[in-house]
Amino acid sequence: MIRLALLRHGHTAWNRAGCIQGRSDIPLDDQARKELRGYALPADWTQADLWSSPLMRAAETAELITGRAPSTAHELTEMDWGDWEGLHGQDLKADPASGFRDIENWGWHYRPPGGETPAEVWTRIEPWLRSLTRDTVAVCHIGIMRMILARAHGWDFDGPAPFRIKRNRLFVVEISGSALMPWPEPVRLIRKAAP
């Protein structure tokens, strides 16, 4: 059995403004950098392999928390939101003609214009996931975390999600053969002592 701990990257200016980021390579903001420097991995995760998305907000989050550079995998790049990247989700939701849907109404085949479906994202992620040979921490994006946790929980993007992704927490999935088993609760990062 292998444990995979998923961690969402820190805030960016686009996150705080409610913009859809997708594959746009938006950096962490200064407030996020300051906050992340105050966190560390729990002791039983410090020797795990460290991976991140190649997007700078994820790779920098990994380095700020662990003090070491992660290996990067393009498979962990955020879901492609196509024409909607850079737009405000609330504006799209308010426009009935946009085609925007809340996540609990996606299904596996919902596609933003010019973007990826959840099924396509899963097809991209799964080979990387199955290649893991040791306990691993992966710093990535909410979309990537949703795909892995959806499979682990047996959720089909139909109805409310059985999990809520928060920052500064490890969402752990155990991998055993083809089975994915989610831990019932996330693991909080450790707050470092003030210098």
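This text goes with the structure placed above it.
Here is a short report on the structure shown in this document. Note that the structure is predicted; figures quoted are calculated from it, not measured.

## A look at the side chain of R3
Line of reasoning, step 1. Its place among the elements puts R3 in strand β1 (residues 2-8).
Line of reasoning, step 2. Of the polar contacts made by the side chain of R3, one reaches the backbone oxygen of D44; its length is 3.3 Å.
Line of reasoning, step 3. Each residue touching R3, except ones within four places of it in the same chain, is listed here: D44, W45, R134, D135, T136, V172, V173, E174 and W183.

## Re unusual backbone geometry
Line of reasoning, step 1. In this structure, F157 is a non-glycine residue whose phi angle is positive, near 55°.
Line of reasoning, step 2. The residue F157 is located in the loop between α6 (142-153) and β6 (169-176) in this model.
Line of reasoning, step 3. Here the phi dihedral of N168 falls at roughly 65°; this positive angle occurs in a residue that is not glycine.

## Some words on the nonpolar core
Line of reasoning, step 1. Counting 39 residues, the largest nonpolar core has L4, L6, M147 and I148 as the members making the most contacts within it.
Line of reasoning, step 2. Here this core gets eight residues from one element, more than from any other, and that element is α6.
Line of reasoning, step 3. Among all residues touching M147, those that are not within four sequence positions of it are M79, W106, W108, P118, V121, W122, I125 and F157.
Line of reasoning, step 4. In terms of nonpolar packing, the next biggest core, distinct from the first, is built from 19 residues, A5, L28, L50 and A58 among them.

## What to know about the packing of helix α5 (residues 118-130) against α6
A pair of packed helices is characterised by two quantities: the angle between their axes and the separation of those axes.
Line of reasoning, step 1. Relative to each other, α5 and α6 sit at 80°, their axes nearing to 10 Å. On the basis of the axis angle, α5 is roughly perpendicular to α6. Contacts between α5 and α6 involve P118, V121, W122, R124, I125 and L129 from the former and I144, M147, I148 and R151 from the latter.
Line of reasoning, step 2. Looking at the contact of α5 with α6, its residues break down into eight nonpolar, no polar and two charged.

Reading the values: the criteria
- Residues numbered from 1 in each chain as written.
- Predicted model: local features only at pLDDT ≥ 70, side-chain atom pairs only at ≥ 80, totals over all residues.
- Heavy atoms only, no water.
- Helix = DSSP H or I, 4+ residues; strand = E, 2+ residues; numbered from the N terminus.
- Polar contact = N/O pair within 3.5 Å; in protein donor to acceptor, adjacent residues only side chain to side chain.
- Contact = heavy atoms within 4.5 Å.
- Core = buried A, V, L, I, M, F, W, Y, C linked by side-chain atoms within 4.5 Å.
- Buried < 20%, exposed > 50% of the residue type's maximum accessible area, 1.4 Å probe, protein only.
- Axes fitted to C-alpha atoms, helices over the stretch in contact; angles between N-to-C directions.
- Parallel < 35°, antiparallel > 145°, perpendicular 65-115°, else oblique.
- Nonpolar A, V, L, I, M, F, W, Y, C, P; charged D, E, K, R; others polar.

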